[in-house]
Amino acid sequence: MKYGTLLLLAAAAFLGYQCQITLLPVTGVEPVKTNISGVILQPDGITPAAGTRVMLYPADLLFFPQETGLGKTFVIRDTTLTDDEGVFTIDTSIKKGFYLIEAMSKNDIVLIDSIELKEPDQTITTPPATLKPAGAVSGSVVLSGGGNYRDVFVLAFGIDRFTQVKEDGNFCFNNLGEGTYSIRIVSLMDDYGVFDTAGVTVLSADTTDLGEIVLPFDGIPIPRNLSFTYDTLAMKVTLRWNRCNAPNVKGYAVYRRFADSNMVLSNIARQFGGDTVMIDSAVMQDYRYEYRVAAIGINDEEGIKSDGVIVTAASYFSVDTVFNLYESEVLPGGGIAVSGNGDLYFMTDECIQVFDRDMHFKRRIGNGCFTNRGKIDVDKNGWVFVLCIRNGPDLVNNQTVWRSVLYIIDDMGTIVDSIADSTYSNSKMIDFDVKGGRIYGVTHYNGESFDSVTIYTYGGAQLRAWRSEGLKSLAVGGDDKIYAMAYGHDVIVFDTLGNTLSTIDVPGIGDLEYDAERELLYILSDDVSQVDNFVIRTVLYVLDRNNILTATFNKIKLNAFSWSSYFKLSGNGDIVIYYYWHEMLSRQNVSEIIHAELIRLNPLNR
């Protein structure tokens, strides 16, 4: 084995390939004795390039770490070193044909090509050749059928080197002497052909750009760039991928599996034509899914599946904070409110307690003046509205009746006004909402068995009122629509003139809020069921702009009774839910300890 061959084996090992380059005997043609000589000069064109390695190659040499499928015999015929005068001499027996000589000294290279051996005992003297800085060939490979770019190699006929394409499809074939080359690009993957280009000119210290090269492909392409978006509100996964521009593709098959299991991929959709979008609406909350896509051929055969993407079907809500208010100063009883800066207002026994968003106490409002307290609200200016229900004598009918007072408190904590029933009729305001400098209330008239929606100014002046039946609570939307909850599992939508615009069938009966910015209707409903123990469940329902139920949040308590819950939207769309309950230890043993808990939820971005 020649010394030059040993060098090439070492170079291949350095590249990490398990290959063996062998000196193959010349077969089929009688070898002839040949003498080839010449002079190699330094880059200055004058100084002899002593000790420079000179290699003789067949012009059809194709150096590659795998012989299979290339159809070429790679033969490295001879190597030698120049003497002190820069002279090299190669005496060898080789078959007739074309050869080239490559001389290398560090980063300087010279290529002597088109050496033709035509007759026996031929002596060839090459013109003096000058070493020059190496050049390069670059380009970008496109795999139309998909696949791994690291399985693609760039070869040059007549020299003993190759380069590997990078993961992004680009390549740069360095250390080439100035001259003209024939380049071949091959792939180890099935269904890809060979790309050949001749006459590639390489200049010293320069890079020749071949541009974009599409490797021939006759198989079924692999869909590329599979991506997804996830709608946390609707819990839908939308998949997208690049169209396979191949005539033998008629559609796509979408596969899915649970990512945290050993389950195999199962086909969930087959769609034909050019559509490269698929929506999966059958995902379950908090599970992780893996998706892959395969192209479908004209004979219904499927190609290789694409790279996978992992999707987590997250809930619409994330729990931001949970405060356990057990045995705290915040006693249950009334509602809660959230100011624009996130402060929390609790209606407790006869006063309002104010905390910051981290449950640090700030101040009290009122002292024994709020009896039989009901709901509270805070407007954007920090004014507080407190609804109190109390009983009193009906002077006309000489009986005790219920009536309501809505106190209006400025940002300094001073009661500046109140709204009360004008007569001692058996009526009371049961819910209200504050928006845009107006107070919107629902009043129940017990003796007359009807309800009304009334709009007031902050000064207590009644602007408008209209009757409706069976109302429980209301919320005002950003477009001045009024959403009123009825006991018959309906939400009636009014305009500010009292006209009924629509009716929404809802899943539960309870308090409601409207997020005008996101066009979402929230309903908080308590459900008490009894099996062996009391099981109390509060559900927060979310309806989208099309009045479709799209998300829920559940809170379940066992061994509890006398359960109440309130909720409010904060200025940034967070939801604050306040629960309190008595603990039931057994049927005969009921705890008098009151439990209270505050949960802040963040709606996830869509």
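Thresholds applied
- Residues numbered from 1 in each chain as written.
- Predicted model: local features only at pLDDT ≥ 70, side-chain atom pairs only at ≥ 80, totals over all residues.
- Heavy atoms only, no water.
- Helix = DSSP H or I, 4+ residues; strand = E, 2+ residues; numbered from the N terminus.
- Contact = heavy atoms within 4.5 Å.
- Areas by Shrake-Rupley, 256 points an atom, 1.4 Å probe, with all protein chains shown as cover.
- Buried < 20%, exposed > 50% of the residue type's maximum accessible area, 1.4 Å probe, protein only.
- Pairing = 2+ DSSP bridges.
- Phe/Tyr/Trp six-rings, centres within 6.5 Å; stacked < 30°, edge-to-face > 60°.
- Salt bridge = Lys/Arg side-chain N within 4 Å of Asp/Glu carboxyl O.
- Axes fitted to C-alpha atoms, helices over the stretch in contact; angles between N-to-C directions.
- Polar contact = N/O pair within 3.5 Å; in protein donor to acceptor, adjacent residues only side chain to side chain.
- Core = buried A, V, L, I, M, F, W, Y, C linked by side-chain atoms within 4.5 Å.
- pLDDT = per-residue confidence, 0-100.

### A few points about the overall build of the chain
Now for step 1: Summing up its helical and strand segments, the chain has 1 helix and 47 strands in all.
Now for step 2: Expressed as a percentage of contacts within the chain between residues at least 6 apart in sequence, the contacts between residues at least 24 apart total 54%.
Now for step 3: Per element, the accessible surface of the chain, about 29,000 Å² overall, is 47% carbon and sulfur.

### Regarding the pairing of strand S11 (residues 152-156)
Now for step 1: With respect to burial, S11 is a largely interior element, 5 of its 5 residues being buried.
Now for step 2: Note that S11 and strand S12 (residues 162-164) share 3 bridges and pair antiparallel. Within S12, the position partnered with Phe153 by the bridge is Gln164.
Now for step 3: Taking the residues that link successive antiparallel strands as the turn, the S11-S12 hairpin has 5 residues, and the phi of Gly158 there is positive, at about 95°.

### Focus: the packing of aromatic side chains
Now for step 1: Within this structure, the stated rule accounts for 14 aromatic pairs.
Now for step 2: Centroid distance Phe63 to Phe162: 5.9 Å. Interplanar angle 25°. Geometry classified as stacked. Of this pair, Phe63 sits in the loop between strand S2 (53-58) and strand S3 (78-81) while Phe162 is found in strand S12, placing the two residues 99 residues apart along the sequence.
Now for step 3: Taking the relative accessible area as the measure of exposure, Phe63 reaches 4% and is therefore buried.
Now for step 4: Between Tyr289 and Tyr291, the aromatic rings sit 6.5 Å apart at their centres with planes inclined by 40°, giving tilted as the arrangement. A single burial state applies to Tyr289 and to Tyr291, both of which are buried.
Now for step 5: An aromatic cluster is built from Phe258, Tyr287, Tyr289 and Tyr291, whose rings are joined through pairwise contacts.

### Side note on the pattern of salt bridges
Now for step 1: Summed over all chains, the structure comprises 16 salt bridges.
Now for step 2: A salt bridge links Glu102 to Arg161; its shortest N-O distance comes to 2.9 Å. Note that Glu102 is positioned in strand S5 (residues 97-105) and Arg161 in the loop between S11 and S12, a separation of 59 residues in sequence. The pair formed by Glu102 and Arg161 is uniform in burial state, with each residue classed as buried.
Now for step 3: Residue Glu290 pairs with Arg292 through a salt bridge whose shortest N-O separation is 2.8 Å.
Now for step 4: Taking the relative accessible area as the measure of exposure, Glu290 reaches 8% and is therefore buried.
Now for step 5: Sharing partners across several salt bridges, the network here consists of Glu102, Asp160 and Arg161.

### What about the sheet that holds S12?
Now for step 1: Pairing in this open sheet of 4 strands is antiparallel, and the strands run S12-S11-S14-S15 from one edge to the other. Taken across any chain shown, the strands that pair with only one partner, and hence form the sheet edges, are S12 and strand S15 (195-202). With direction set aside, neighbouring strand axes in the sheet form an average angle of 25°.
Now for step 2: Pairing of strand S14 (residues 179-187) with S15 involves 6 bridges; the strand directions are antiparallel. Residue pairing in the sheet places Tyr181 in a bridge with Val200 of S15.

### A look at the sheet that holds strand S16 (residues 207-214)
Sheet strands line up and pair through hydrogen bonds in the backbone, either parallel or antiparallel.
Now for step 1: On the basis of which strands lie adjacent, the open sheet formed by 3 strands has the order S13-S10-S16 and mixed pairing. Each having just a single partner strand, strand S13 (170-176) and S16 make up the two edges of the open sheet. In this sheet, adjacent strand axes meet at a mean angle of 15° when their direction is disregarded.

### Concerning the environment of Asn572
Now for step 1: Looking at the secondary structure, you find Asn572 in the loop between strand S45 (560-569) and strand S46 (575-584).
Now for step 2: Relative accessible area serves as the criterion here: at 46%, Asn572 is assigned to the partly exposed category.
Now for step 3: In sequence terms Asn572 and Asn602 are 30 residues apart; their C-alpha atoms lie 9.2 Å from each other.

### Let's talk about the side chain of Gln271
Now for step 1: For Gln271, the position within the fold is in strand S20 (residues 266-272).
Now for step 2: On the accessibility criterion, Gln271 (16% relative accessible area) is buried.
Now for step 3: A distance of 3.0 Å separates a polar atom in the side chain of Gln271 from the backbone oxygen of Val277.

### Some points on the nonpolar core
Now for step 1: In this structure, Val141, Leu143, Val152, Phe171, Tyr181 and Ile185 are the most contacted members of the largest nonpolar core, which totals 26 residues.
Now for step 2: Within the residue set of this core, elements represented by two or more residues are S2, strand S10 (135-142), S11, S13, S14 and S15.
Now for step 3: Discounting chain neighbours no more than four positions away, the residues touching Val152 are Val141, Leu143, Gln164, Val165, Ile185, Val186, Ser187, Met189 and Leu215.
Now for step 4: In this structure, Met235, Val254, Val309 and Val311 belong to the second largest nonpolar core, which totals 22 residues.

### Details of the confidence of the model for the chain
Now for step 1: When pLDDT is averaged along the chain, the result is 82, and 81% of the positions lie at 70 or above.
Now for step 2: Contacts of residues 1-28 to residues separated by more than four positions or lying in other chains number 38 contacts, the stretch itself having pLDDT below 50.

### Focus: the environment of Met55
Now for step 1: Its location among the elements puts Met55 in strand S2.
Now for step 2: As for Met55 and Glu102, which are separated by 47 residues in sequence, their C-alpha atoms are 5.3 Å apart.
Now for step 3: Once you skip the residues sitting within four places of it in the chain, Met55 turns out to touch Asp78, Thr79, Leu100, Ile101, Glu102, Met104 and Asp160.

### Details of the pairing of strand S6 (residues 108-117)
Now for step 1: Sheet topology places S5 next to S6; 8 bridges connect them, and they run antiparallel. The partner of Gly97 across the bridge, within S6, is Leu117.
Now for step 2: In this sheet, strand S9 (residues 132-133) lies alongside S6 in antiparallel orientation, the contact comprising 2 bridges. If you follow Ile109 over to S9, its bridge partner there is Lys132.

### Some details on the side chain of Thr276
Now for step 1: If you trace the backbone, Thr276 turns up in the loop between S20 and strand S21 (277-280).
Now for step 2: When its relative accessible area of 13% is taken as the criterion, Thr276 is described as buried.
Now for step 3: For Thr276, the residues in contact, after removing those within four places along its chain, are Leu239, Arg240, Trp241, Asn242, Arg243, Tyr252 and Gln271.

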